[in-house]
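Listed here are the chains, written in short residue letters.
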Amino acid sequence: MRWFWIDRFTEFVSGVRASSVKCVSLAEEHVDEYFPGYPQMTPSFVLEGFAQTGGLLLGQVNDFQERVVLAKISSAKFHCLARPGDHLSYSVTLETIQPDGGLIKATSHLGETLHGEAELTFAYAPDSVVQTEMFEPAEFLRMLRIYGLFDVGVDQDGNPLKIPQRFLDAEARVMT
Amino acid sequence: MPTKQEVFEKIREALVDALGVDEEEVTAEATLVGDLGAESIDFLDIVFRFEKAFGIEIPRAELFPEDILTNAEYVEDGRVTANGVAELKKRMPFADLSNFEANPLVQEFGNLLTVNDMSRYVCSKLGVTE
């Protein structure tokens, strides 16, 4: 199973905010099996969706040069259940970016209803801890394309985001 | 320029958010680790919140001098040497190291910093005197 916890981005403004959607399906094992007989999207996996949405928002600020890792869930509250057939909308804002990482705030909604809210802390894994890239560049670009990040991503002036050249080069090498 | 009290209030708010503690628990004398339950990863969160709240840059080594505490030049048999303590005092003029100096066990250092130390540190960065 791949570690996809959002279906796609619906908005992505570099360094500011991102929105994504997650459709909850009974066909997903974690929905069906986590609480047998009571299928639902558990909050822990919603937090994974927040982390992917926010982690990519933070990582894009430096063209994905930093190794962004989820360091801490500072707070999390969930107000209702997300059930099969539901459509979760995640909204993330980048609260602060610092040399060592950043903080995000995230919410999930079911229609107009607030479903969950959280604050997450991310750290950049330093070279002393991790010596290699966390993701193979071509594979990482494939994930970003699947998520539609470059379909909706814009900079703060509204210009479309460009795919980093090193990702395109890596993709080209895989193709040949 | 904020007052010392305003700095303290913002620090309290940041610590409540970062550590999930009640506002009443965040007293001036409370230690971050012993009383408020901060763990190592929380210090990253705390630094981010201070930087955002006060618009300052905080080199982590100024608040949490791990480089000194892991340096063989300053540590012997789990205790910080006199030179090491002198280095800590130079690095952290905002912290009261008198108790630590009496029994400078490295493992006890994490339990040294108080909310008041955080206030003094931020006030020194901002130039707040009143």
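Before reading further, recall that the structure is shown in the block above.
Residues numbered from 1 in each chain as written. Chains lettered and ligands numbered in written order. Predicted model: local features only at pLDDT ≥ 70, side-chain atom pairs only at ≥ 80, totals over all residues. Heavy atoms only, no water.

Colleague: Can you help me understand the interface of chain B and chain A in this one?
Modeller: Often, the extent of an interface is quoted as the loss of accessible area on bringing the components together. Taken together, the contact pairs 12 residues of chain B with 15 residues of chain A. Summed over both sides, the interface between chain B and chain A buries roughly 1,100 Å², with carbon and sulfur atoms accounting for 58% of that surface. Considering only the side of chain B, the residues that lose the most area to chain A are Phe 48, Arg 49 and Lys 52 of chain B, jointly responsible for 46% of the buried surface there. Along the contact surface separating chain B from chain A lie 4 salt bridges. For Lys 72 of chain A, the salt bridge goes to Asp 45 of chain B, with nearest N and O atoms at 2.7 Å. Where chain B touches chain A, the interface holds 7 residue pairs in polar contact (both at pLDDT 80 or more). Elements that contribute at least two residues to the side of chain B that touches chain A include exactly α1 (4-19) and α2 (40-54) of chain B. With 8 residues, α2 of chain B is the largest single contributor of residues to the side of chain B that touches chain A. Taken together, the residues of the side of chain B that touches chain A sort by class into 4 nonpolar, no polar and 8 charged. (Contact = heavy atoms within 4.5 Å. Buried area = accessible area lost by both parts, 1.4 Å probe. Salt bridge = Lys/Arg side-chain N within 4 Å of Asp/Glu carboxyl O. Polar contact = N/O pair within 3.5 Å; in protein donor to acceptor, adjacent residues only side chain to side chain. Helix = DSSP H or I, 4+ residues; strand = E, 2+ residues; numbered from the N terminus. Nonpolar A, V, L, I, M, F, W, Y, C, P; charged D, E, K, R; others polar.)

Colleague: Could you clarify how one ought to interpret helix α2 (residues 43-61) of chain A in this entry?
Modeller: A turn of α-helix holds 3.6 residues, and therefore any two residues three or four places apart point the same way. All names here are of chain A. Between the first and last C-alpha of α2 there are 27 Å, a value that for 19 residues agrees with the 27 Å anticipated at 1.5 Å per step. Along α2, 15 of the 19 residues are buried, which leaves the element largely enclosed by surrounding structure. Immediately beyond the C-terminal end of α2, within one or two residues, lies Asp 63, with a positive phi of roughly 55 degrees. (Expected span 1.5 Å × (residues − 1). Buried < 20%, exposed > 50% of the residue type's maximum accessible area, 1.4 Å probe, protein only.)

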